[in-house]
Amino acid sequence: MPNFTDVTEFILLGLTSRQELKVLFFVVFLLVYMITLLGNIGMIILISISPQLQSPMYFFLSHLSFVDACLSSNVIPKMLENLLSETKTISYVGCLVQCYFFIALVHVEVYILAVMAFDRYMAICKPLLYGSKMSRTVCVRLISVPYVYGFSVSLICTLWTYGLYFCGNFEVNHFYCADPPLIKIACGGVHIKEYTMIVIAGINFTYSLSVVLTSYTLIVIAVLRMHSADGRRKAFSTCGSHLTAVSLFYGTLIFMYLRRPTEDSVEQGKMVAVFYTTVIPMLNPMIYSLRNKDVKEAVNKAIIKANLGQ
């Protein structure tokens, strides 16, 4: 029988053990975190104050920015602390809390991306019904579902993580508490946790991605039927930013969670996790602002108004 040990804390091994790289990583990720917060909070404020950004698409985008800011804030501060700390520990309760919010926010984000794809489908394929079918009340209901579902599923997943048993090895080969490296060091409750992680991730990614793919398939069909070249170009331009965000986010998460945890997959997943916990939340505001005419115009008007106010 395994010699189970009571866990009070874990040691997060982080990204590197080389001292000369730790300071460099600290500076880089601190800068990334500041840009992420400024970009996403700035996007939320811009959408709230700009009359031309009051459509459902930007309402959903403001929630995507909120979730991105929360996702980074759940991971990066502890990573920055451990880069400069000798102990690199996280309490058992703190680990479970970090797991809970991470899983919840990831599920919320994938379903917000699905809702945004449905919104684009309604705007392009059913423009005459768009105003009535995508009213403010409908938008609030649509955005509520990802939050309620994401935090409910995360509670179940975290309880299964709580069911893992450990036998003395408390070194987590990651920079935050993630399921795959925790499963790798556990010596009890592994099979049920591993199975449910893959099944739940598979079901949710498949369902949300099917909504995205179905919406865009219908959008492409509708756009190809348009007689106006300008109409086709405008339709595709409104979807380009969202498709870029979807490709980046889904691609990295599928690579991380739809595989059995092994030594190699955990090490590779750690590198991929850097991308979707730090880089993608930083890039999303840039993707939606640089490739979106309405957002660029709103930014220019906000700058002009601020200068006139001075």
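Residues numbered from 1 in each chain as written. Predicted model: local features only at pLDDT ≥ 70, side-chain atom pairs only at ≥ 80, totals over all residues. Heavy atoms only, no water.

Caption draft 1: Local environment of helix α5 (residues 136–162). A rise of 1.5 Å per residue sets the reference length of α5, with its 27 residues, at 39 Å; its end C-alpha atoms lie 39 Å apart and thus fit the reference within 8%. On the buried face of α5, the contacting elements are α2 (56–84), α3 (92–125), α6 (179–185) and α7 (190–224). (Helix = DSSP H or I, 4+ residues; strand = E, 2+ residues; numbered from the N terminus. Expected span 1.5 Å × (residues − 1). Contact = heavy atoms within 4.5 Å.)

Caption draft 2: Molecular detail of the sheet that holds strand β1 (residues 9–12). Here we have 3 strands laid out as an open sheet, ordered β2-β1-β4, and mixed in their pairing. The open sheet is flanked by β2 (89–91) and β4 (171–172), the only strands paired with a single partner. When β1 meets β4, the two strands line up parallel, connected through 2 bridges. Within β4, the residue paired with Ile11 across the bridge is Glu171. Here α3 sits on the sheet and contacts β1 and β2; the angle it forms with β2, its principal contact strand, is near 85°. (Pairing = 2+ DSSP bridges. Axes fitted to C-alpha atoms, helices over the stretch in contact; angles between N-to-C directions.)

Caption draft 3: Layout of the UniProt feature "transmembrane region" (unreviewed entry) in the protein. According to UniProt, the feature "transmembrane region" (unreviewed entry) maps to residues 23–46, 89–118, 138–162, 198–224, 236–258 and 270–290 in the numbering used here. Its end C-alpha atoms 34 Å apart, residues 23–46 is made of 100% helix and 0% strand. Taken end to end, residues 138–162 has its terminal C-alpha atoms 37 Å apart, with 100% of it in helix and 0% in strand. (UniProt positions renumbered as here; feature names shortened; annotations may be inferred.)

Caption draft 4: Structural detail: the packing of α2 against α3. α3 packs onto α2 with a crossing angle of 160° between their chain directions and a minimal axis gap of 10 Å. It follows from the interaxial angle that α2 and α3 lie roughly antiparallel. Where α2 crosses over α3, the two elements pack in a sense that is left-handed. Looking at the contact of α2 with α3 residue by residue, the class counts come to 18 nonpolar, 3 polar and 5 charged. (Parallel < 35°, antiparallel > 145°, perpendicular 65-115°, else oblique. Left-handed = near helix turned anticlockwise from the far one by under 90°. Nonpolar A, V, L, I, M, F, W, Y, C, P; charged D, E, K, R; others polar.)

Caption draft 5: How the structure looks around the packing of aromatic side chains. Under the criterion given, the structure shown has 15 aromatic pairs. With centroids separated by 6.3 Å and ring planes inclined at 45°, the aromatic side chains of Tyr92 and Tyr162 adopt a geometry described as tilted. In this pair, Tyr92 sits in helix α3 while Tyr162 sits in helix α5, placing the two residues 70 residues apart along the sequence. The exposure class assigned to Tyr92 is buried, which follows from its relative accessible area of 16%. Their ring planes at 85° and their centres at 5.4 Å tell us that Tyr111 and Tyr149 sit as a pair that is edge-to-face. Here Tyr111 is found in helix α3, whereas its partner Tyr149 is found in helix α5, with 38 residues between them in sequence. Residue classification places Tyr111 among the buried residues on the basis of a relative accessible area of 12%. (Phe/Tyr/Trp six-rings, centres within 6.5 Å; stacked < 30°, edge-to-face > 60°. Buried < 20%, exposed > 50% of the residue type's maximum accessible area, 1.4 Å probe, protein only.)

Caption draft 6: Representation of the state of the cysteines. Counting across every chain of the model gives 2 disulfides. There is a disulfide in this structure between Cys167 and Cys187, and the S-S distance comes to 1.7 Å. Handedness of the Cys167-Cys187 disulfide follows from its S-S torsion of about 90°: it is right-handed. With Cys167 in the loop between β3 (165–166) and β4 and Cys187 in strand β5 (residues 186–188), this residue pair connects regions lying 20 residues apart in the sequence. Given the relative accessible area of 27%, Cys187 is considered partly exposed. Counting only the cysteines that form disulfides, in the order they appear in the protein, gives the pairing 1-3, 2-4. Looking at Cys157, it has no disulfide partner, and the nearest cysteine sulfur is the one in Cys99, 9.9 Å off. Cys157 gets classed as buried once you look at its relative accessible area, which sits at 6%. (Disulfide = S-S within 2.5 Å.)

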